[in-house]
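# What the coordinates show
Now for the letters of each chain:
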Amino acid sequence: MEKDAKIYVAGHRGMVGSAILRKLEAEGYTNIITRTSKELDLRRQVEVEGFFAEEKPDYVFVAAAKVGGIMANNTYPADFMYDNMMIEMNVIKSSFDNQVKKLLLLGSSCIYPRLAEQPIREDSLLTGALEQTNEAYALAKISGLKYCEYLNRQYETNYISAMPTNLYGPNDNYHPQNSHVLPALIRRFHEAKAKGDKEVVVWGTGKVLREFLYVDDLADASIYLMNNYSGNETVNVGTGKELTIGELAQLVKKVVGFEGEIVHDTSKPDGTPRKLLDVTKLNTIGWTYQTELEDGIKLAYQDFLTSDVRVER
């Protein structure tokens, strides 16, 4: 990407989009365009078409999405499917109609089969059943990346997709029910510490395995891929390291400084038993992560303490 190229970051106020915006500005890109959801509803085709026809961006990062944890995905599957399908299809189609040079669609590792061979390779896509608790979101993301692939094949566009592992970091969602596991734990341990509680309840058995990536590392990888990768196959973005949810809870407990006990609520769902991405392809392209998990949790906790992200939303 040229430093003065017009770059549109869709979803710039979310955790991922805001990290990409920060990284672009830090690297000296000078012509970045954004719109809030009130200014531009990406679910509305006419609005998106008008925006692209007026602005004519050169490059597009699709970081806009309706996201949430297991409970939110399982409770509102119709909303998750509709909103994400409409956002992706409208932005990708308008990018095509207005000759965008290159587009990066950001997805999620939940696109892979629930029982995929571990670590999960990119070619395991559509080889098995999805995890039921977030199937709607996964199907929407699969449709988006496949649409990019089909446009490349049919029209020789240069649209790529990246599938990050579980993310965390500045500007995360800390809602007590609808957030992902790591920000939920940060809030839960912080509130327990503030109240002087003797225990913190962690959903599930604590035995399932997960991988976590600091969001600023994803932003760095996204810009790197825009500048260094073209191809139909998606690219996994992660650390290649995993730990159990129980171990994660202990780590968050340590960072927050909570001195009580951890109790596991086994009546709550665990989700996929293991989800570790094979990042060989990304490493071969030339990118590796920088932020170790404990360091990233410390940064995320400081952001939690010093911003308004604790407000329920």
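Residues numbered from 1 in each chain as written. Predicted model: local features only at pLDDT ≥ 70, side-chain atom pairs only at ≥ 80, totals over all residues. Heavy atoms only, no water.

### Concerning the UniProt feature "active site" (unreviewed entry) in the chain
Mapped onto this numbering, the UniProt entry gives "active site" (unreviewed entry) at Tyr 137. Residue position: Tyr 137 is located in helix α5 (residues 135-155). The class of Tyr 137 is buried, set by a relative accessible area of 10%. Not counting chain neighbours up to four residues away, the residues in contact with Tyr 137 comprise Ala 65, Lys 66, Val 67, Asn 73, Phe 80, Asn 84, Ser 108 and Cys 110. (UniProt positions renumbered as here; feature names shortened; annotations may be inferred. Helix = DSSP H or I, 4+ residues; strand = E, 2+ residues; numbered from the N terminus. Buried < 20%, exposed > 50% of the residue type's maximum accessible area, 1.4 Å probe, protein only. Contact = heavy atoms within 4.5 Å.)

### Side note on the packing of helix α2 (residues 45-55) against helix α4 (residues 77-97)
With their axes 9 Å apart at the nearest point, α2 and α4 run at an angle of 35 degrees to one another. Where α2 crosses over α4, the two elements pack in a sense that is right-handed. In this structure, α2 contributes Gln 45, Val 48, Glu 49 and Phe 52 to the contact, and α4 contributes Asn 90, Val 91, Ser 94 and Ser 95. When the residues that make up the contact of α2 with α4 are grouped by side-chain class, the tally is 3 nonpolar, 4 polar and 1 charged. (Axes fitted to C-alpha atoms, helices over the stretch in contact; angles between N-to-C directions. Left-handed = near helix turned anticlockwise from the far one by under 90°. Nonpolar A, V, L, I, M, F, W, Y, C, P; charged D, E, K, R; others polar.)

### Concerning the pairing of strand β4 (residues 102-106)
For a regular strand, side chains alternate in direction, first toward one face of the sheet and then toward the other. Across the 5 residues that make up β4, a large majority, 5, are buried. Neither face of β4 is exposed, since Lys 102, Leu 104 and Leu 106 on one face and Leu 103 and Leu 105 on the opposite face are all buried. Pairing between strand β3 (residues 59-62) and β4: 4 bridges, direction parallel. Following the sheet pairing, Phe 61 is matched in β4 by Leu 104. Examined bridge by bridge, β4 and strand β5 (residues 159-164) share 4 bridges and lie parallel to one another. If you follow Leu 106 over to β5, its bridge partner there is Ala 162. With α5 bridging β4 and the parallel β5, this β-α-β connection has right-handed handedness. (Pairing = 2+ DSSP bridges. Right-handed = clockwise from strand over helix to strand, strands pointing away.)

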